[in-house]
Amino acid sequence: MIDEILLICFFVLVIGACIGSFLNVVALRAISKESIVLPPSKCPECGEPIKWYDNIPVLSYLFTFKGKCRNCGCKVSKQYPIVEALTAVIFLAVFLAFGASIKTILLLILLCISIVICITDFKKEYVFDSHSWALIIFSIIASLYFNGLENYSKPAIGLIVGVVAMEAVARLAYYLIRKKSQEKTADTENNEEVKEEVQTETPSEESTEVANQDEDININEYVEKNKRAFGEGDTYLAAAAGALLGWKYLLAAIGLAIILQAVCILPQFLMNLYKQKQFRLLFSLTAFIVLACIYWIISNIVSVNIFVAFGFVIALIFFAIDSITRLKQTVNDQGFAAIPFGPALLCATFLLFFYGPYIIGFLKKHIFMILG
């Protein structure tokens, strides 16, 4: 009996790894706008077709070609074995949790689409409409299956709240952080016009080649044109999350995603501020974080006096306003930096789907009670 269970688990792992290899293909060829069927797998640098024994998930990377192309010797991205191994583990975990069932199939479909979205968002800061719509459709189907057709209002309301909430956050964040410069000096405008004329009259071979290719999205041009802090892709993802979780858990998922995003990027962000010698902004952000952590720890140990709490709140508001003001100035000087939010939102969505009551209980007890 135990041998059969182990054999089934091994079989599920193998299927998961193979699917993970396919997800890499789907994501990367969506970026390159190639078919997922033809041509067969090839080296991204020299285009040499990959032999079948170099295309075995995880194992080939570790033991056969050892992370390098046999033809040109270029390094192969670690993304391939990481995605393959991660997908294999996810397949096994979901199978062990729910067995061979329709629920397992639906969850694996949702997770596979989410992995593809995470890859494209990480690599190009872009969520393809075909992927996000597929996630929305299967989220609605999964919600109706899990909750029953009679509860059709749950995915419908959740989807609408997801769209409205993320659009509101996108617009609010733009006007909160970005202060669009209304004035340009005459010299700057003249210089830009001269540059455009020169480029139009004497295009180089390199510029001609670039013009014929799909250019990467300029995040600052996109932000200024659409007046939003992030793209519509995150709105689609929030809609899918709302359809799957319902509007209450969706709002918690957005909050949890912001926390996850902050935890992941904050150390690097603070380090960049130090390197750029923006010490005042660094001090304000650090002071805000330290005070918030101190208050959180104290409030979970003892009952905080109302005057002490009021002092903490005033200090936090001061450092928050100062941070936002100086961050706005930094953004005006340097422009926006593209930071993928989709992966954090998707991780938060599935964490709440699997562990919703525990996470909500923790947030209410240790986080939101501080506001009360």
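Overview of the packing of helix H4 (residues 102-124) against helix H5 (residues 129-147)
For the pair H4 and H5, the least separation of the axes is 10 Å and the interaxial angle reads 155 degrees. Viewed along their axes, H4 and H5 adopt a mutual orientation that is roughly antiparallel. The handedness of the crossing between H4 and H5 is left-handed. Facing Ile-102, Lys-103, Leu-106, Leu-107, Ile-109, Leu-110, Ile-113, Ser-114, Val-116, Ile-117 and Thr-120 of H4, the residues of H5 in contact are His-131, Ser-132, Ala-134, Leu-135, Phe-138, Ser-139, Ile-141, Ala-142, Tyr-145 and Phe-146.

Quick notes on the confidence of the model for the protein chain
Per-residue confidence for the protein chain averages 77 on the pLDDT scale, and 76% of its residues sit at or above 70. Every residue in residues 179-191 is under pLDDT 50, and counting partners more than four places away or in other chains gives 8 contacts. With pLDDT under 50 throughout, residues 197-215 is counted as low confidence; its partners more than four residues away or in other chains account for 3 contacts.

Looking at helix H1 (residues 2-32)
One full turn of an α-helix is made of 3.6 residues, so residues set three or four places apart face in the same direction. The terminal C-alpha atoms of H1, which comprises 31 residues, lie 45 Å apart, in line with the 45 Å expected from a rise of 1.5 Å per residue. Within the span of H1, buried status applies to Cys-9, Val-12, Gly-16, Ala-17, Gly-20, Ser-21, Leu-23, Asn-24, Val-26, Ala-27, Arg-29 and Ala-30. Lining the buried residues of H1 we find helix H3 (79-98), H4 and H5. Directly after H1, the chain includes Lys-33, whose backbone phi takes a positive value near 60 degrees.

Here we look at the environment of Leu-244
Secondary-structure assignment places Leu-244 in helix H10 (residues 232-245). On the accessibility criterion, Leu-244 (5% relative accessible area) is buried. In the structure, Leu-244 is positioned 98 residues away from Phe-146 in sequence and 9.3 Å away in space, judged by C-alpha atoms. Contacts of Leu-244, omitting those with residues within four sequence positions, involve Leu-110, Ser-139, Ala-142, Ser-143, Phe-146, Thr-349, Phe-350 and Phe-353.

Points about a nonpolar patch on the surface
Together, Trp-52, Tyr-53, Ile-56, Leu-59, Leu-62 and Phe-63 make up a nonpolar patch on the protein surface, roughly 670 Å² of accessible area in all. Tracing the backbone shows Leu-62 in helix H2 (residues 59-64). Given a relative accessible area of 46%, Leu-62 falls into the partly exposed group.

So, H3
The first and last C-alpha atoms of H3 sit 28 Å apart over 20 residues, in line with the 28 Å expected at 1.5 Å per residue. Within the sequence span of H3, burial applies to Gln-79, Pro-81, Val-83, Glu-84, Thr-87, Ala-88, Ile-90, Phe-91, Leu-92 and Val-94. At the C-terminal side of H3, Gly-99 shows a positive phi close to 70 degrees.

Overview of unusual backbone geometry
As a rule of thumb, non-glycine residues mostly have phi less than zero, and peptide bonds are mostly trans rather than cis. Backbone geometry places Lys-33, a non-glycine residue, at a positive phi of 60 degrees. Along the chain, Lys-33 falls in the loop between H1 and H2. With relative accessibility at 60%, the residue Lys-33 sits in the exposed group.

Comments concerning the nonpolar core
Core analysis: the largest hydrophobic core is formed by 53 residues, its most contacted members being Ile-117, Leu-135, Leu-237, Leu-345 and Leu-352. When contributions to this core are tallied by element, the ones reaching two or more residues are H1, H3, H4, H5, helix H6 (153-177), H10, helix H11 (247-275) and helix H14 (342-367). With 12 residues, the single largest contributor to this core is H4. Of all hydrophobic cores here, the second largest spans 5 residues; its members include Leu-270, Leu-273, Leu-281 and Leu-282.

Side note on the environment of Glu-34
Here Glu-34 lies in the loop between H1 and H2. Residue classification places Glu-34 among the partly exposed residues on the basis of a relative accessible area of 31%. Setting aside residues no more than four positions away along its own chain, Glu-34 makes contact with Arg-29, Pro-39 and Lys-42. Within the structure, Glu-34 has its side chain in polar contact with the side chain of Ser-32 (distance 2.9 Å).

Some words on the packing of aromatic side chains
Per the stated rule, a full pass over the model turns up 6 aromatic pairs. The ring centre of Phe-146 lies 5.4 Å from the NZ or CZ of Lys-103, which sits over that ring.

Thresholds, definitions, all that
Residues numbered from 1 in each chain as written. Predicted model: local features only at pLDDT ≥ 70, side-chain atom pairs only at ≥ 80, totals over all residues. Heavy atoms only, no water. Axes fitted to C-alpha atoms, helices over the stretch in contact; angles between N-to-C directions. Helix = DSSP H or I, 4+ residues; strand = E, 2+ residues; numbered from the N terminus. Parallel < 35°, antiparallel > 145°, perpendicular 65-115°, else oblique. Left-handed = near helix turned anticlockwise from the far one by under 90°. Contact = heavy atoms within 4.5 Å. pLDDT = per-residue confidence, 0-100. Expected span 1.5 Å × (residues − 1). Buried < 20%, exposed > 50% of the residue type's maximum accessible area, 1.4 Å probe, protein only. Patch = residues over 30% accessible without salt bridge, like charges linked within 9 Å, V, L, I, M, F, W, Y side chains within 5 Å. Areas by Shrake-Rupley, 256 points an atom, 1.4 Å probe, with all protein chains shown as cover. Salt bridge = Lys/Arg side-chain N within 4 Å of Asp/Glu carboxyl O. Core = buried A, V, L, I, M, F, W, Y, C linked by side-chain atoms within 4.5 Å. Polar contact = N/O pair within 3.5 Å; in protein donor to acceptor, adjacent residues only side chain to side chain. Phe/Tyr/Trp six-rings, centres within 6.5 Å; stacked < 30°, edge-to-face > 60°. Lys NZ or Arg CZ within 6 Å of the ring centre and 35° of its normal.

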